[in-house]
Amino acid sequence: MGSLVPIRLVCGEQVIWQNDSPNSSYWCRPIFFEFVKENKITILQEKNAIEQEIADLMDTEVGEINISHSLLMTMIDGKATSILCDTSSQRCDICKATPSEMNNLSLIASKQTDLDLCRYGLSSLHIWIRMMECILHIAYRLTIKTWAVKGDTKCILESKKKNIQDAFKNRMGLLIDVVKQGHGTTNDGNTARRFFANPSITAEITGVSENLIRRFAIILEAISSGYHIDVVKFHDYAQATMQLYVDLYSWYYMPSSVHKVLMHGAAIIESFSLLPIGQLSEEAAEARNKDFRRYRQHHSRKCSRKATNEDILNNLLISSDPLISTKRHKFGRKHKSLSKEAQSLIIERAETFDDDDQENFEIANVDILDTD
Ligand SMILES: [Zn+2]
């Protein structure tokens, strides 16, 4: 599925309209959906098609006002990003470091980085899940202390995993790493948010350093906050976190997704200087998967495939209609308070908003392919 989220309309320095919930599916406009297997060929095809459409976009004229559009392709997850950057998912998209190089910080620092690849953003929803899985995989291996698991160490890992899963279920009611029939595991964004919400309990259950879990949580909180991040402070904080990780768990190669945030996060954030990285998340597109399944099952005619698809598309359009969405009640989702540590990574920037004119938008966020 391909979607687009309008983010803001600006005139020079002035912000005329700002989407105050860019991660909500209320603003997530459908571009297309297609029933195909998601692989390298189909992802590249869709990317090229979308890029062509972006190149062909004409200005919108409203009376005497001319509106030009600039689109960012950031609503994608790690798998699609790896394909677009032409790397395997185990390697870093940006510096191409391999797993065995990840924990060698001086080697990593000397690598050439391809800053052009920063334009695909940070996939800030999936990074919650990847960072949670990183902590879990370290926890499962705490007795064996090796990255690769083979032979009899496998049983030790499995029993440790079982204990940790049971502890999460009993103490926090969380199902962790359980394979779901048909699609992926129970590790979703909500699970990861609860995992990081209380670092001391998570550290008690997993046996992993509370300090490291807390630092991961603060980085995630800052990235997802939707505020502008202080790039220098973020860089220093992320570097210190990497050092801590390597000091504690040098035997577990840092996953490429975690490496990308800690090592290149600051550069990626800096490359989108106009917009906070938290507003460029793939979260809205992910939420659309659920909507899609619901509309198909409960809100569509089943007399023909054409009728079913038409009803799904109409539902996607109505539920993201910008005019209707501006009239919706806002249920206190604004200004969720940030922790002190996360606040220290944020820059306060005064921006002027004009709430009365919310009908046009300029900078939009494009998703090319949704990967569940
Ligand atoms: Zn890298």
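Please read these numbers as outputs of a predicted model, since none were measured by experiment. (Residues numbered from 1 in each chain as written. Predicted model: local features only at pLDDT ≥ 70, side-chain atom pairs only at ≥ 80, totals over all residues. Heavy atoms only, no water.)

Enquirer: Tell me about the packing of aromatic side chains, and please be specific about residues and values.
Expert: Going through the model one piece at a time under the given rule, you end up with ten aromatic pairs. Relative to Trp251, the ring of Tyr249 has its centre 6.0 Å away and its plane inclined at 85 degrees; by these criteria the two rings are edge-to-face. The same class applies to Tyr249 and to Trp251, which are both buried. Three or more aromatic residues joined by ring pairs make a cluster, and in this case those are Trp128, Phe168, Phe195 and Phe196. (Phe/Tyr/Trp six-rings, centres within 6.5 Å; stacked < 30°, edge-to-face > 60°. Buried < 20%, exposed > 50% of the residue type's maximum accessible area, 1.4 Å probe, protein only.)

Enquirer: Please set out the packing of helix α7 (residues 199–206) against helix α8 (residues 210–224) residue by residue, giving values where relevant.
Expert: Contact geometry for α7 and α8: axes closest at 9 Å, N-to-C directions at 135 degrees. Considered as vectors, α7 and α8 are oriented oblique to each other. The element α7 and its partner α8 pack so that their crossing is right-handed. Contacts between α7 and α8 involve Pro199, Ser200, Thr202, Ala203 and Thr206 from the former and Glu210, Ile213 and Arg214 from the latter. (Axes fitted to C-alpha atoms, helices over the stretch in contact; angles between N-to-C directions. Helix = DSSP H or I, 4+ residues; strand = E, 2+ residues; numbered from the N terminus. Parallel < 35°, antiparallel > 145°, perpendicular 65-115°, else oblique. Left-handed = near helix turned anticlockwise from the far one by under 90°. Contact = heavy atoms within 4.5 Å.)

Enquirer: Residue-level account of the coordination of the zinc ion, with values.
Expert: For the zinc ion, the protein coordination sphere consists of Cys92 (SG), Cys95 (SG), His259 (NE2) and His264 (NE2), at 2.0 to 2.3 Å. Note that the zinc ion binds four donor atoms; their angles at the metal cover 106 to 113 degrees, and the shape is tetrahedral. Site description for the zinc ion: donor spacing in sequence, C-x2-C-x163-H-x4-H. Residue Cys92 is found in the loop between α2 (78–84) and α3 (105–109), and its partner His264 is found in helix α10 (residues 256–271); the two are separated by 172 residues along the sequence. Given the relative accessible area of 5%, His264 is considered buried. (Donors = N, O, S within 2.8 Å, 3.2 Å for Na, K, Ca; no water. Tetrahedral: all angles 85-135°; square planar, octahedral: opposite > 155°, others 65-115°.)

Enquirer: If you had to explain the domain arrangement of the protein chain to someone new, which residues and values would you point to?
Expert: Taken as a whole, the protein chain is organised into domain 1 (2–76 + 282–367) and domain 2 (80–271). Distance from the C-alpha centre of domain 1 to the C-alpha centre of domain 2: 27 Å. Of the residues lining the interface, 25 residues belong to domain 1; the matching set on domain 2 comes to 26 residues. In total, domain 1 and domain 2 occlude about 2,300 Å² of area from one another, counting both sides; carbon and sulfur atoms represent 61% of this. On the domain 1 side of the interface with domain 2, the three residues burying the most area are Ile76, Glu282 and Leu345, jointly 28% of the side's total. At the junction of domain 1 with domain 2, the criterion picks out three salt bridges. A salt bridge links Arg193 to Glu283; the nearest nitrogen and oxygen atoms lie 3.6 Å apart. (Domains from an automatic or database assignment. Buried area = accessible area lost by both parts, 1.4 Å probe. Salt bridge = Lys/Arg side-chain N within 4 Å of Asp/Glu carboxyl O.)

Enquirer: Can you break down the pattern of salt bridges residue by residue, with the values?
Expert: Using the criterion set out here, one finds 17 salt bridges in the structure. The residue Lys260 makes a salt bridge to Asp93 at a minimum N-O spacing of 2.9 Å. In this pair, Lys260 sits in helix α10 while Asp93 sits in the loop between α2 and α3, placing the two residues 167 residues apart along the sequence. The same class applies to Lys260 and to Asp93, which are both buried. We note a salt bridge from Glu204 to Arg171, for which the minimum N-O separation is 3.0 Å. Of this pair, Glu204 sits in helix α7 while Arg171 sits in helix α5 (residues 153–172), and the two are 33 residues apart along the sequence.

Enquirer: Residues and numbers for unusual backbone geometry, please.
Expert: In this structure, Lys145 takes a positive phi of about 50 degrees despite not being glycine. Residue placement: Lys145 occurs in the loop between α4 (126–140) and α5. Even without a glycine there, the phi angle at Asp177 is positive, about 60 degrees. In this structure, Asp177 sits in the loop between α5 and α6 (189–197).

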